[in-house]
Amino acid sequence: SQGSSSHSAVLQEIIGGVFTIKKAQKPRKIKVFRGFLMPQIAEPYWAWYGFEGRVEWCACFVSWCANECGYIDTGVIPKFAGCVNGVQWFKDRGQWADNSIEPTPGMIIFFDWDSPNGSSGPQDGQSDHVGIVEKCENGIVYTIEGNSGDSCRQRQYSVGYYEILGYGIPAY
């Protein structure tokens, strides 16, 4: 529908790093992610969520982006700080797809890291990380992720990559 296209476009502007502000009939562009590739940028996301100290903040970042679009208030994307809670929210609503699909922009991508000697441990069917699908082209999924190396980063993965747990499919 046309409404869902415009919603997706607003989210695309945010995750693409450009916010359009209309002022005095003259739109101006503001770089939302300007300087956000620096590690100390984590605080605005977890602080916005309500945490008083640093937490693993990938879900806080996704929630912040959704809030900026008005999607939390309208129930399109949940406010969540734990990846497993985000997965469950989409599954409970029948808005979940496994990693075999070719995702579309605006889907929420969840990962289950295979890190036997790392903090997330071996794959266990539980989400360890989350981001937003920016686009999918030629078998590559391009994402925007918070808390990727403690920064906001653009990343890319092959469609069906084994550490992609699946996708939340917002009803824009």
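Scroll up to find the structure this text is about.
Residues numbered from 1 in each chain as written. Predicted model: local features only at pLDDT ≥ 70, side-chain atom pairs only at ≥ 80, totals over all residues. Heavy atoms only, no water.

As a further point, take the environment of Glu145. Positionally, Glu145 belongs in strand β6 (residues 140-145). Along the sequence, Glu145 and Ala59 sit 86 residues apart, while their C-alpha atoms lie 9.0 Å from each other. In this structure, Glu145 is in contact with Phe61, Phe111, His129, Val130, Gly131, Ser151, Cys152, Arg153, Arg155 and Tyr157, ignoring residues within four places of it in sequence. A polar contact is formed between the side chain of Glu145 and the side chain of Thr143, at a distance of 2.6 Å. (Helix = DSSP H or I, 4+ residues; strand = E, 2+ residues; numbered from the N terminus. Contact = heavy atoms within 4.5 Å. Polar contact = N/O pair within 3.5 Å; in protein donor to acceptor, adjacent residues only side chain to side chain.)

Bridge analysis of strand β5 (residues 129-137) against β6 gives five bridges, and the strand direction is antiparallel. Across the sheet, residue Val133 finds its bridge partner in β6, namely Thr143. Here β5 hands over to β6 after two residues, with Asn138 in that stretch at a positive phi of 50°. (Pairing = 2+ DSSP bridges.)

What follows concerns the sheet that holds strand β8 (residues 164-168). Sheets are built from strands that pair by backbone hydrogen bonding, the pairs being arranged parallel or antiparallel. Reading across the sheet, the six strands line up as β3-β8-β4-β5-β6-β7 and stay open at both edges, with antiparallel pairing between neighbours. The sheet terminates laterally at β3 (96-98) and β7 (153-158), the two strands that pair on one side only. Going from strand to strand, the sheet's axes swing by 35° on average, the running direction of each strand aside. When β3 meets β8, the two strands line up antiparallel, connected through three bridges. Looking at β8, one finds that Ala97 is bridged to Tyr167. The sheet contacts of helix α3 (residues 58-68) involve β4 (108-111), β5 and β6, and relative to β5 the element is tilted by about 60°. (Axes fitted to C-alpha atoms, helices over the stretch in contact; angles between N-to-C directions.)

Here we take up the pattern of salt bridges. Taken as a whole, this structure holds three salt bridges when the rule is applied. The closest approach of N and O atoms between Arg54 and Asp150, which form a salt bridge, is 2.7 Å. One end of the pair, Arg54, is in the loop between α2 (42-49) and α3; the other, Asp150, is in the loop between β6 and β7, and 96 residues separate them in sequence. Taking relative accessible area as the criterion, Asp150 reaches 24% and is therefore assigned partly exposed. Note that Glu137 and Lys135 form a salt bridge whose closest N and O atoms lie 3.8 Å from each other. Under the relative-accessibility criterion, Lys135 is labelled partly exposed at 32%. When salt bridges with common partners are traced through the structure, they connect Arg54, Glu56 and Asp150 into a single cluster. (Salt bridge = Lys/Arg side-chain N within 4 Å of Asp/Glu carboxyl O. Buried < 20%, exposed > 50% of the residue type's maximum accessible area, 1.4 Å probe, protein only.)

Below, the discussion takes up unusual backbone geometry. The phi dihedral of Asn138 falls on the positive side, at around 50°, and the residue is not glycine. With respect to the element layout, Asn138 can be found in the loop between β5 and β6. On the accessibility criterion, Asn138 (80% relative accessible area) is exposed. Of note, Asn147 is a non-glycine position whose phi angle comes to about 60°, a positive value. With respect to the secondary-structure elements, Asn147 resides in the loop between β6 and β7.

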